[in-house]
Amino acid sequence: MAGLFKQPKRKLKKLVKDGEYDDAIAFGNSLESEYSNDADFMFIMGSIFFIVDDAKRALPYFEKSFELNPNDAEMLSLKTNVHLALQQKNEAIDCCKRILKLNPKNSEAESLLEQLENL
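The rules behind the values
Position labels on residues start from 1 in each chain and follow its written sequence. Per-residue local features are limited, in this predicted model, to residues with pLDDT of at least 70; the limit for side-chain atom pairs, both in listing and counting, is 80 or more; totals at the level of whole chains, interfaces and linings are taken over all residues. Side-chain calculation: all heavy atoms of the structure are included, whereas hydrogens and water are not. What makes a nonpolar core is a set of buried Ala, Val, Leu, Ile, Met, Phe, Trp, Tyr and Cys residues whose side-chain atoms join them at distances within 4.5 Å. The classification of residues rests on relative accessible area computed with a 1.4 Å probe and restricted to protein chains. Under 20% of the type maximum is buried, over 50% is exposed, and intermediate values are partly exposed. Only DSSP runs of H or I reaching four residues or more are called helices, and only runs of E reaching two or more are called strands; each is numbered from the N terminus. Here, two residues are considered to be in contact whenever any of their heavy atoms come within 4.5 Å of each other. Each residue after the first adds 1.5 Å to the expected span of a helix. The arc refers to the directions leading from the helix axis to the C-beta atoms.

Draft legend 1. Region of the structure containing the nonpolar core. Among the nonpolar cores identified, the biggest contains 34 residues, and Leu-12, Phe-41, Met-45 and Ile-48 are the most heavily contacted of them. Every element with two or more residues in this core is listed here: α1 (2-17), α2 (21-31), α3 (39-51), α4 (55-68), α5 (73-85), α6 (89-102) and α7 (107-117). By residue number, the principal contributor to this core is α3, which donates 7 residues. Apart from the residues lying within four places of it in its own chain, the contact partners of Met-45 are Leu-12, Ala-24, Ile-25, Gly-28, Asn-29 and Tyr-61.

So, in structure tokens, the structure goes:
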């Protein structure tokens, strides 16, 4: 029975995998009210918008995903990239620090943090 609840997200992921981004966005929008408190769904939707170079629309999804699950380093990494795309240096620095708190050996976050702090 639990598998039934995962099918819409599976379909959404398949649309993304197949490069059907417009369809994925439309389908995701139709599911949003039902999955508004699902960190994974919010992550997927944010990722879709990031893939299609719409960082401004991706950010609220990553913000909600972060609110629901602040310990997801992968989401924080994409959220960092969204902040960089929107030229939000301080927010990107904050994300890097949060990633390093979760995973002190994350060399990518460490390097990026160093670069941002030296700008």
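Draft legend 2. View of α6. With 14 residues, α6 extends 20 Å from end C-alpha to end C-alpha; this agrees with the ideal 20 Å at 1.5 Å per step. Among the residues of α6, those classed as buried are Ala-92, Ile-93, Cys-95, Cys-96, Ile-99 and Leu-100. Within α6, the buried residues cover an arc of 160 degrees as seen down the axis, which keeps them to one side. Facing away from the buried surface of α6 by more than 90 degrees, the exposed residues are Asn-90 and Lys-101. Contacts from the buried residues of α6 go to α5 and α7.

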